[in-house]
Amino acid sequence: MEYQSPASIDEAVAALAALEGARVMAGGTDLLVQLRSGAPRLGAIVDVKKIAEMCSIEETAEGFSVGAAVCGAQLTGHDAFSRAWPGVAEAAGLIGSTQIQGRASLGGNVCNASPAADTTPALIAARAKAEIVGPGGRRIVEVEKIATGPGKTSLGKGEMVVRFLLPARPARAADAYLRMIPRTEMDIAVAGAGVSLTLDRGGVVADARVGLGAVAPTALVLDQAADILTGTKLEDDVLARLAAAAGAAATPIDDKRGTIDYRRKVVGVLAKRAALIAYQRAGER
Amino acid sequence: MPKIHVSTTVNGDTVEFLCETQETVLDVLRNTLGLTGTKEGCGTGDCGACSVLVDGRLVCGCLMLGVEAEGKEIVTVEGIGSPDRLHPVQQKFLEDAALQCGFCTPGFIVAAKALLDSNPEPTETEIRYWLAGNLCRCTGYDKIVRAVQDAALEMKGQQA
Ligand SMILES: Cc1cc2nc3c(=O)[nH]c(=O)nc-3n(C[C@H](O)[C@H](O)[C@H](O)COP(=O)(O)OP(=O)(O)OC[C@H]3O[C@@H](n4cnc5c(N)ncnc54)[C@H](O)[C@@H]3O)c2cc1C
Ligand code: FES
Ligand code: FES
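These numbers were taken from a predicted model, which means no experiment stands behind them.

So, how was this worked out
- Residues numbered from 1 in each chain as written.
- Chains lettered and ligands numbered in written order.
- Predicted model: local features only at pLDDT ≥ 70, side-chain atom pairs only at ≥ 80, totals over all residues.
- Heavy atoms only, no water.
- Helix = DSSP H or I, 4+ residues; strand = E, 2+ residues; numbered from the N terminus.
- Rg over C-alpha atoms; globule rule 2.2 N^0.38 Å.
- Buried < 20%, exposed > 50% of the residue type's maximum accessible area, 1.4 Å probe, protein only.
- Contact = heavy atoms within 4.5 Å.
- Domains from an automatic or database assignment.
- Buried area = accessible area lost by both parts, 1.4 Å probe.
- Salt bridge = Lys/Arg side-chain N within 4 Å of Asp/Glu carboxyl O.
- Polar contact = N/O pair within 3.5 Å; in protein donor to acceptor, adjacent residues only side chain to side chain.
- Axes fitted to C-alpha atoms, helices over the stretch in contact; angles between N-to-C directions.
- Parallel < 35°, antiparallel > 145°, perpendicular 65-115°, else oblique.
- Left-handed = near helix turned anticlockwise from the far one by under 90°.
- Nonpolar A, V, L, I, M, F, W, Y, C, P; charged D, E, K, R; others polar.
- Pairing = 2+ DSSP bridges.
- Near = heavy atom within 4 Å.
- Areas by Shrake-Rupley, 256 points an atom, 1.4 Å probe, with all protein chains shown as cover.

S.K.: I would appreciate a short explanation of the overall build of chain A in the present structure.
M.R.: The number of helices and strands found in chain A is eleven helices and 14 strands. For chain A, whose C-alpha radius of gyration is 19 Å, the value lies close to the compact-globule estimate of 19 Å for 285 residues. In terms of principal-axis extent, the alpha carbons of chain A reach across some 55 × 45 × 35 Å. Counting every position in chain A, which comprises 285 residues, the buried fraction comes to 53%. Long-range pairs, those at least 24 residues apart, make up 60% of the contacts in chain A with a sequence separation of at least 6.

Here it is, written out as structure tokens:
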């Protein structure tokens, strides 16, 4: 099996096009586990960690740009990013152990397309977009458009995510991510919810967005969230409506880690609690 | 497919080796370089027995390819302390009986050293979260946590 570690995006795109069965590798925490269990169609590995833009975090007037291969430890250790996007940072910080944090990337988490990926709902709530390059050039898509089903993405042959773009934050805006796992560490979400809120001067929600994880074949955008939350101060009846909408949007699987009813209930509770955390954080800004 | 030539630094020494793409750092350390202190428990990132430092960052040797080691600095348990001059973490693991079969110990030593290098005075909660990716079937963890706390105190004393 061939291994290449190109230093530029153009070289990486060329390598992905030229090598039969080539796959992008960032931290390898999904890919190398799959390789070990005999992943089919893995013809070559294109390691993108020598590409500077894919491993750096930048803040501009338009917001943050986070390289798709930036590892969790690097992201959570970036103070300005964690201040602007505490929910995305906490989602990234939940992935695996300290050891996994030293490698696991947002690009890998989103493109591995596990329904339970922790950063995807948080990135959806953040209205993050992915910059994708490939043989056909560059395009920018919303994060929720990448995964199309468990292990499946909308990326074309030879395409890869270069970076994630998170919009600039107005005053009184904050996010939060919560997941439910049966243990306290090192487990896969039974359900997850990311919430991003912007408040007006009076503490009334002016903008809201909610992403749900592990309760459908892909992470979901909770479309009704903006309608339910905008114009409120998260009163009890509002939160009850949010929880009900989250539960109703969920189409979870039934397995030993949680029944359908349980996941529906839990995802609503998580959405509610994450909304309250985001609200408190936004109010403190 | 010819083997790939890699030059890297392991425990301060320049090292060159040949490996195939699918071989992990763990495979290379144990099978090619004869550094068998680093253990394989699961091979899938779950147990931490293969913990090593790469450019100062704690990672699983089983989830990194040998070819990725090119130009990096790797530290394994063999590079921490020496038989006649144990690192405080190693000394306290012995004194506090923080091991039984010992299979998990190298991984814990490397992970605990990395913790104390970045956070010299961790709380018990911080220690437990930091070490959550290191599994131990024998000790029940309490003695391990105590050994790390004692090592932190010892290292603080040495500095003063
Ligand atoms: C012990 C352990 C615990 C874990 N715990 C969690 C957890 O709690 N929550 C969670 O969500 N995940 C968890 N994971 C899964 C994994 O760590 C994450 O999904 C991680 O973010 C993957 O990132 P990576 O850089 O290692 O991806 P890689 O393994 O390098 O890549 C994953 C997939 O994405 C593709 N890919 C990677 N980068 C790009 C890119 N830029 N463009 C296009 N495709 C790309 C690869 O080809 C591959 O198919 C865990 C894994 C392990 C081993
Ligand atoms: S052998 Fe690497 S984590 Fe278990
Ligand atoms: S001492 Fe036996 S596994 Fe930890």
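So much for the structure itself; the text now carries on.
S.K.: I would appreciate a short explanation of the domain arrangement of chain A in the present structure.
M.R.: One widely used convention gives an interface's size as the accessible area the parts lose upon coming together. All names here are of chain A. Here chain A is partitioned into domain 1 (2-167) and domain 2 (173-283). Each of domain 1 and domain 2 has a C-alpha centre, and these two points are 24 Å apart. The contact between domain 1 and domain 2 buries some 2,000 Å² in all, and 57% of this surface belongs to carbon and sulfur atoms. Here domain 1 is connected to domain 2 by four salt bridges. Taking the shortest distance from any N to any O, the salt bridge between arginine 209 and glutamate 144 comes out at 2.8 Å. In this assembly, domain 1 and domain 2 are joined by eleven residue pairs in polar contact (both at pLDDT 80 or more). Elements represented by at least two residues in the side of domain 1 that touches domain 2 include exactly α5 (86-94), α8 (119-125) and β8 (147-149). It is α5 that contributes the most residues to the side of domain 1 that touches domain 2, six residues altogether.

S.K.: Help me understand the packing of helix α10 (residues 236-249) of chain A against helix α11 (residues 260-283) of chain A, please; the structure alone is not making it clear to me.
M.R.: Between two packed helices, the angle of one axis relative to the other and the distance separating the axes together describe the packing. Residues and elements named next belong to chain A. Where α10 meets α11, the closest approach of the two axes is 7 Å, and the angle between their N-to-C directions is 140°. Viewed along their axes, α10 and α11 adopt a mutual orientation that is oblique. For the pair α10 and α11, the sense of crossing is right-handed. Residues Leu239, Leu242, Ala243, Ala246 and Gly247 of α10 lie in contact with α11, whose contacting residues are Arg264, Val267, Gly268, Ala271, Lys272, Ala275 and Leu276. Here the contact of α10 with α11 is composed, by residue class, of eight nonpolar, two polar and two charged.

S.K.: Hey, could you run me through the interface of chain A and chain B in this one?
M.R.: At the junction of the two partners, chain A supplies 26 residues and chain B supplies 27 residues. Approximately 2,100 Å² of surface area, both sides summed, lies buried where chain A meets chain B, with 62% of it carried by carbon and sulfur atoms. Contact with chain B buries area across many residues of chain A, yet Tyr3(A), Thr98(A) and Gln99(A) alone supply 29% of it, more than any other trio. Between the two partners, chain A and chain B, sit eight residue pairs in polar contact (both at pLDDT 80 or more).

S.K.: When you look at the pairing of strand β13 (residues 205-213) of chain A in this model, what are you seeing that I'm missing?
M.R.: The side chains of a regular strand alternate between both faces of the sheet. Residues and elements named next belong to chain A. Of all the nine residues making up β13, seven are buried; the element is thus mostly covered by neighbouring parts of the structure. Sheet analysis places strand β12 (residues 191-199) next to β13, joined by eight bridges and oriented antiparallel. The residue of β13 that forms the bridge with threonine 198 is aspartate 207. The hairpin turn running from β12 into β13, its antiparallel successor, is five residues long, and glycine 203 in that turn takes a positive phi close to 80°. Relative to strand β14 (residues 220-221), β13 runs antiparallel, the two being bridged by two bridges. When the sheet's bridge partners are listed, glycine 211 is paired in β14 with valine 221. Hairpin connection between β13 and β14: a loop of six residues separates the two successive antiparallel strands, and alanine 214 in this loop has a positive phi of roughly 70°.

S.K.: Sorry if this is basic, but what is going on with the environment of Leu276(A) here?
M.R.: Residue and element names in this part refer to chain A. Checked against the element boundaries, leucine 276 lands in helix α11. Relative accessible area serves as the criterion here: at 40%, leucine 276 is assigned to the partly exposed category. Sequence-distant contacts of leucine 276, that is, excluding residues within four places in its chain, are made with Leu234 and Leu239.

S.K.: How should the sheet that holds strand β7 (residues 137-142) of chain A be read in this particular structure?
M.R.: Picture the strands of a sheet paired through backbone hydrogen bonds; they go either parallel or antiparallel. Residue and element names in this part refer to chain A. Strand order in the open sheet formed by five strands is β4-β5-β10-β6-β7, and the pairing between neighbours is antiparallel. One side of each edge strand has no neighbouring strand; the edge strands of this open sheet are β4 (57-60) and β7. Taking each pair of neighbouring strands and ignoring which way they run, the sheet shows an average axis angle of 20°. Judged from the four bridges that link them, β4 and strand β5 (residues 63-67) form a sheet pairing that is antiparallel. Paired with threonine 60 across the two strands is glycine 63, which belongs to β5.

S.K.: Please explain the site of ligand 1 as it appears in this structure.
M.R.: Residues and elements named next belong to chain A. Around ligand 1 sit 36 residues, and of these Val24, Thr29, Asp30, Ser105 and Asp118 come closest. Between ligand 1 and the protein, one listed contact pairs an oxygen atom with a backbone N or O atom of glycine 27 at 2.7 Å. Take asparagine 109: an N or O atom from its side chain is 2.9 Å from an oxygen atom of ligand 1. Notes on ligand 1: free accessible area 980 Å², of which the protein chains cover 92%. Looking at the shell around ligand 1, the elements that each hand over two or more residues are β2 (22-25), α7 (106-111) and β10 (160-167). Split by residue class, the shell around ligand 1 holds 18 nonpolar, eleven polar and seven charged.

S.K.: Would you mind going over the sheet that holds strand β1 (residues 2-4) of chain A with me for this structure?
M.R.: All names here are of chain A. With respect to topology, three strands assemble into an open sheet ordered β1-β3-β2, the strand pairing being parallel. A single partner strand is all that each edge strand has here, and the edge strands are β1 and β2. Sheet twist, expressed as the average angle between the axes of neighbouring strands with direction ignored, equals 20°. Bridge analysis of β2 against strand β3 (residues 44-47) gives four bridges, and the strand direction is parallel.

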